Structure formats: structure tokens, C-alpha cells
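Close look at the chain arrangement
One letter stands for each residue in the lines below.
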Amino acid sequence: MSEIRGEDFPALLLGMVPETAEHIAALYEMPAEQAVVSEARFDTYALLQEAFMEPVVLPELGKNVPDAELLGRCFDLVDLLVQSSSQHFTDAVYFQVLEEFFDRDRLEKAIPFMQKRTRERTADMLSGHELPVPEGLLG
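Since this is a predicted model, take the numbers as computed values, not measurements.

Bringing the overall build of the protein into the picture now. Counting secondary structure elements, the protein contains 9 helices and 0 strands. Against the 2.2 N^0.38 benchmark of 14 Å for 139 residues, the protein shows a C-alpha radius of gyration of 15 Å, consistent with a compact globule. With the C-alpha coordinates aligned to their principal axes, the bounding extent of the protein is approximately 45 × 35 × 25 Å. Within the protein, the fraction of its 139 residues that count as buried is 45%. By sequence separation, contacts in the protein at least 24 residues apart represent 60% of the contacts at least 6 residues apart. For the protein, the computed accessible surface area is about 7,300 Å², with 49% contributed by carbon and sulfur atoms.

What follows is the structure, given as C-alpha cells:
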């Protein structure tokens, strides 16, 4: 995939994880399909936190039997962002997504859905904070 441009991120988010639609709509006070193509100035951090992590990813990880297909798509998106050459995206994903995995239980539930690059970045983050790195992130 080519590099993600800032203005394309909302449409990418909605396209890969349509479950974010109602949350994008609430954030921008217009239908999500309209919001992602509008001239609105997008806040990547707010989108990741308020339309992706809090309402979609974290509740799904909290379920006894999470939806593997949904979480697979969510972590496909995260992996695209951690591979970005844009520090804006890598910083946003670090603070709004990866830091959620300081919670060990959440981390253990997320590992099976993480792609290789996301596992590496998560392991680096934990090591950087001198926290134990689970075996699942190393393989």
C-alpha cells in the first residue's frame, strides 16, 4: 500500500472498520460517509481514541469471545499506521493505541490479532518502559 496521507486517514478508517461509522458521525456531527470526505480538519488522535479504540477495539477485547474478524481488521489498520513514514501517524498510534497495552490483560487478548510490525513496536514500547515483554510479542 502507498503511504497514507493525513486527509485520507478518516476514509481509510471507515473503509477498513465500518463499525466506526456512528462514532465518526458523532465526532463530526454529520454522517460518517460525509464527514470522511468533507473539508473538515481531522484530528487523528481523536479519531483513534474516540471512534476506534474506546468504542470498538477495547470493548471487543473485553469480551469473553471477541470477534476475530473485526479485531483482525482493526489490527490490520494499526499495522498500516505503525509502518507509516509519517511521525504524525506513528506518534498517534503509540499514544492512542499501543499505550492501551500497558494493561497486561488487554495486551494478552490483543496479541493474537497483532501483525508482525505491531508486535515489534509494542515490544519496543514495553522494553523502553522497562516492562516485561510477553513471549507472544517475540515470536
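Here we come to the nonpolar core. Core analysis: the biggest nonpolar cluster contains 45 residues, and Phe9, Ile24, Phe52, Phe75, Val97 and Phe101 have the highest contact counts within it. For this core, the secondary-structure elements that each account for two or more residues are α1 (9–16), α2 (21–28), α3 (32–35), α4 (44–61), α5 (68–82), α6 (87–96), α7 (104–110) and α8 (116–128). For this core, the leading source of residues is α4, giving 9 residues. Residues within four places of Phe9 in sequence aside, it is in contact with Ile4, Thr44, Leu47, Leu48, Leu77, Leu81 and Phe89.

Rules used throughout
Throughout, residues of each chain are indexed from 1 in the direction in which the sequence is written. Predicted model: local features are reported for residues with pLDDT of at least 70 only, side-chain atom pairs are reported and counted for 80 or more only, and whole-chain, interface and lining totals are derived from all residues. As a convention, hydrogens and water are excluded, and side-chain values are obtained from all of the structure's heavy atoms. Numbering of helices and strands runs from the N terminus; a helix is a DSSP stretch of H or I covering at least four residues, while a strand is a stretch of E covering at least two. Our radius of gyration looks at C-alpha atoms and nothing else; its globule reference is 2.2 Å times the residue count to the power 0.38. When accessible area is computed with a 1.4 Å probe and restricted to protein chains, residues below 20% of their type maximum are described as buried, those above 50% as exposed, and intermediate ones as partly exposed. Two residues qualify as a contact provided that any one of their heavy atoms is within 4.5 Å of a heavy atom in the partner residue. Here the accessible surface of atoms and residues is derived via Shrake-Rupley with a 1.4 Å probe, and residues count as covered only by protein chains that are part of the display. Buried residues of nine kinds, namely Ala, Val, Leu, Ile, Met, Phe, Trp, Tyr and Cys, make up a nonpolar core once their side-chain atoms join them within 4.5 Å.

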